Amino acid sequence: MNNFNIVACLILLGFQAAIVLAEFNYGEALDKTFMFLEAQRSGKLPFDQRVKWRGDSGLKDGALQGVDLVGGYYDAGDHVKFGLPMAFSVTMLAWGTIEYRKEITNLNQMGHTLWAIRWGTDYFIKAHTQPNVLWGQVGDGDSDHYCWERAEDMTTPRTAYKLDEAHPGSDLAGETAAALAAAAIAFKPYNSSYSELLLVHAKQLFSFADKFRGLYDDSIQCAKQFYTSSGYSDELLWAATWLFRATGDEHYLKYVVDNAVYMGGTGWAVKEFSWDNKYAGVQILLSKVLMEQKGGAYTSTLKQYQAKADYFACACLQKNDGYNVHLTPGGLMYVHEWNNLQYASAASFLLAVYSDYLSAANAKLTCPDGQIQPHEVLNFAKSQADYILGKNPKSMSYLVGYGPKYPTHVHHRGASIASISVLPSMVSCVQGFEAWYRRPEADPNVIYGALVGGPDQNDGFNDDRSSYEQTEPTLSGSAPLVGLFSKLESLSGNKGPYHKRPTTEQPSQNYHHQETSVPSTKSPGVPPVRFLHSITNTWNVGKTTYYRHKVVIKNTSEKPITDLKLVIEDLSGNLWGLSPTPVKNTYELPPWLEVLNPGSDCSFVYIQEGPQAKVSVLSYQ
């Protein structure tokens, strides 16, 4: 080969490498995934809602039962708020945030991520009205499916269904506990008060789930034909594992060890991870504890958990001595006929996380068919993400709005009917079917970021609204993509903007917390003030994200407080609203505020990058 040919080959190889590197823009896919989550919001929509074809809906949810259940997420293409898949989705969003905090922050997506989690957790807090009461569903699947109408026009019953001591649901209560515990970890660096509140509810719900055992769909029977639970043991182990990670309390680790055999944690070898089956998630989370050498006296049982985690990963990678997850000819994991991509997305996220755990421990995956390097585990997860985004026999992106070819007849009521802002007159149940459901034209509203059910076991796909197994999107399918796309984007080398939207859908990165308190402490000697932390704004300067922190100081006692002095640690930015003292890190109330009367409050703000500062009381009169 002459020099010219060698140079030409090198240029061609370099060009091909560049194509592979930039084959998919995972950052764009991530941003559009958040758009789908916004499209699924129920309740009063915020001012910075980007999906403008949606409006307020479900504003009286729970009213007939005397409880406020406004908010949360619609499950899929319908308008039922199913508690089990919604809670699993929030757990996945929070887990992605925990594992890939740096990557999400670097992509300037932390604001959208926290809001996506909080839209669910605020609803769960409302739904947990008493320690042993959880409202688990709003709406009825049967009546809802008789109608094809926009959420803003809903005429179907919005009956709310609850779990209590006489009507238990260990699976649903356990999953909700897991979601709140995981969210508590995700929020801790940004809003410690909200994080503590989430943990209070998580602990109560886990106790409720464990003490009063039963299947949720025996108590909420109208959920059975839509989200049938295969058991609740996995959710109890899952919730305890997340509470251990959130609190470090060995009591929860002991629970998963003591119940490892009885609840199947070390017995079930699975090839599925989903809203219904959490065993693989439990096994991989506990493998992390083992690999970090934090197992102590529980090490032998944790090794049994890891053996099952390895079984799952090996089955996905086709290295499990024939006991493997089925792959389509095009290489997609195929688990179930209905909405298969939700199983592929959840498994892919789990594999990406496990590859990180293995890498951190300098370990390999040991399979019956040989040892696997961590990067090979991640490469398989990437192959599933790439299939979703267009690297498949159909050359179709199954993420709506991404790429040049994607589904345009999505089984989704809101997407398929003209927006209420365009067509203000009500669209009735029958009219929705006749004029819109059967309409051959493409959806009038592009539901960006919706992960549809996907192709069949032979990679075939029918872009038809009536083919709901293939064209309906779900929350539980999209939620794992947040962590997966964040991880892959951090490795891809892509730069620049991620999503070119119409001017009516410009992003907002502000994260406006509601200021939420935690239960007050009445113990003797505790200063009678409560601190309410919140983040009221975020912005980027170059690659650095800055947060505007607001702290409200509230006098919770029945006596006036004077001469209050605060110690503020880990403060790296500027502070307004307090007066510095000669003592390092010590501040006092401004001169014009000599007394903080009972029940009154004042506030101060500071701006810095990263986690919030630590505020404590030094002294007071």
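Note that the coordinates shown come from a computational prediction; the quantities given were computed from them, not determined experimentally.

A. Layout of the overall build of the protein. On a plain count of helices and strands, the protein comes out with 19 helices and 15 strands. Here the protein has a C-alpha radius of gyration of 25 Å; the compact-globule value for 621 residues is 25 Å, and the two agree. Reported as C-alpha extents along the three principal axes, the dimensions of the protein are approximately 80 × 65 × 55 Å. Relative to its full complement of 621 residues, the protein shows a buried share of 61%. Summarising the internal contacts of the protein: among those between residues at least 6 apart in sequence, 74% fall at separations of at least 24. Summed over all atoms, the accessible surface of the protein reaches about 24800 Å², with 53% contributed by carbon and sulfur. Counting 52 positive and 62 negative side-chain charges, the protein places the centres of these two groups 5 Å from one another.

B. The UniProt feature "active site" (unreviewed entry) in the protein, seen in detail. This chain's UniProt record puts "active site" (unreviewed entry) on His-411. For His-411, the contacting residues outside a window of four places in its chain are Gly-77, Trp-148, Tyr-437, Arg-465, Tyr-468, Thr-471, Glu-472 and Pro-473. A polar contact of 2.6 Å, which involves the side chain of His-411, links it to the backbone oxygen of Arg-465.

C. Examining the pattern of salt bridges more closely. Counted under the stated rule, the structure contains 27 salt bridges. Across the pair Asp-122 and Arg-118 runs a salt bridge whose closest N-O atoms are separated by 3.1 Å. Of this pair, Asp-122 and Arg-118 both sit in helix H5 (residues 110-127), separated by four residues, roughly a single helical turn. Each member of the pair Asp-122 and Arg-118 is classed as buried. A salt bridge links Asp-144 to Arg-413, with the shortest nitrogen-to-oxygen separation between them at 3.6 Å. Highlighted residues: Asp-144 in helix H6 (residues 141-145) and Arg-413 in helix H16 (residues 413-416), separated in sequence by 269 residues.

D. Inspection of the environment of Thr-91 at higher detail. Locating Thr-91 in the fold gives a position in helix H3 (residues 83-99). Distance from Thr-91 to Trp-242, taken between C-alpha atoms, is 9.4 Å for residues 151 residues apart in sequence. Other than its neighbours up to four places away in sequence, Thr-91 contacts Glu-175, Ala-178, Ala-179, Ala-182, Trp-238 and Trp-242. A polar contact is formed between the side chain of Thr-91 and the side chain of Glu-175, at a distance of 2.7 Å.

E. Spotlight on helix H14 (residues 341-360). For H14, built from 20 residues, the straight-helix expectation of 28 Å at 1.5 Å per residue is met to within 8% by its first-to-last C-alpha distance of 29 Å. Where burial is concerned, most of H14 is hidden: 17 out of the 20 residues are buried. Phi for Asn-362, located one or two positions after H14, is positive at around 55 degrees.

F. Fine view of the sheet that holds strand S15 (residues 614-619). Reading across from one edge, S11-S12-S9-S15 is the order of the four strands in this open sheet, with antiparallel pairing throughout. The open sheet has two edge strands with one neighbour each: strand S11 (579-580) and S15. In the sheet, strand S9 (residues 565-569) pairs with strand S12 (residues 586-588) via three bridges, with the strands oriented antiparallel. Looking at S12, one finds that Lys-565 is bridged to Glu-588.

G. Spatial organisation of the sheet that holds strand S3 (residues 160-163). With antiparallel pairing, three strands are arranged side by side in an open sheet as S1-S2-S3. Lying at the two open borders of the sheet, with one neighbouring strand each, are strand S1 (81-82) and S3. Here four bridges tie strand S2 (residues 134-138) to S3, and the two strands are oriented antiparallel to one another. Considered in S3, the bridge of Val-138 is made with Ala-160. This element, helix H7 (residues 170-187), spans S2 and S3 of the sheet and lies at about 100 degrees to S2.

H. Broad picture of the packing of aromatic side chains. In total, this model carries 24 aromatic pairs according to the counting rule given. Relative to Phe-433, the ring of Trp-148 lies with its centre 6.1 Å away and its plane at 40 degrees, an arrangement referred to as tilted. With a gap of 285 residues between them, Trp-148 in the loop between H6 and S3 and Phe-433 in helix H17 (residues 429-437) connect regions that are remote in the sequence. By the burial criterion, Trp-148 is buried, and Phe-433 matches it. Through a chain of ring-to-ring contacts, the aromatic side chains of Phe-88, Trp-95, Trp-238, Trp-242, Phe-273 and Phe-349 assemble into a single cluster. When the ring centre of Trp-119 is taken as origin, the NZ or CZ atom of Arg-41, which lies over that ring, is 4.5 Å away.

I. Main features of the packing of H14 against helix H19 (residues 475-492). One way to put it is that H14 packs onto H19 with a least axis distance of 8 Å and a crossing angle of 35 degrees. Along this stretch, H14 crosses H19, giving a crossing that reads as left-handed. In this structure, H14 contributes Gln-342, Ser-345, Ala-346, Ser-348, Phe-349, Ala-352 and Asp-356 to the contact, and H19 contributes Ser-476, Gly-477, Pro-480, Leu-481, Gly-483, Leu-484 and Lys-487. Here the residues of the contact of H14 with H19 sort into six nonpolar, six polar and two charged.

Cut-offs and rules
- Residues numbered from 1 in each chain as written.
- Predicted model: local features only at pLDDT ≥ 70, side-chain atom pairs only at ≥ 80, totals over all residues.
- Heavy atoms only, no water.
- Helix = DSSP H or I, 4+ residues; strand = E, 2+ residues; numbered from the N terminus.
- Rg over C-alpha atoms; globule rule 2.2 N^0.38 Å.
- Buried < 20%, exposed > 50% of the residue type's maximum accessible area, 1.4 Å probe, protein only.
- Contact = heavy atoms within 4.5 Å.
- Areas by Shrake-Rupley, 256 points an atom, 1.4 Å probe, with all protein chains shown as cover.
- Lys, Arg positive; Asp, Glu negative; His and termini not counted.
- Charge placed at Lys NZ, Arg CZ, Asp CG, Glu CD.
- UniProt positions renumbered as here; feature names shortened; annotations may be inferred.
- Polar contact = N/O pair within 3.5 Å; in protein donor to acceptor, adjacent residues only side chain to side chain.
- Salt bridge = Lys/Arg side-chain N within 4 Å of Asp/Glu carboxyl O.
- Expected span 1.5 Å × (residues − 1).
- Pairing = 2+ DSSP bridges.
- Axes fitted to C-alpha atoms, helices over the stretch in contact; angles between N-to-C directions.
- Phe/Tyr/Trp six-rings, centres within 6.5 Å; stacked < 30°, edge-to-face > 60°.
- Lys NZ or Arg CZ within 6 Å of the ring centre and 35° of its normal.
- Left-handed = near helix turned anticlockwise from the far one by under 90°.
- Nonpolar A, V, L, I, M, F, W, Y, C, P; charged D, E, K, R; others polar.

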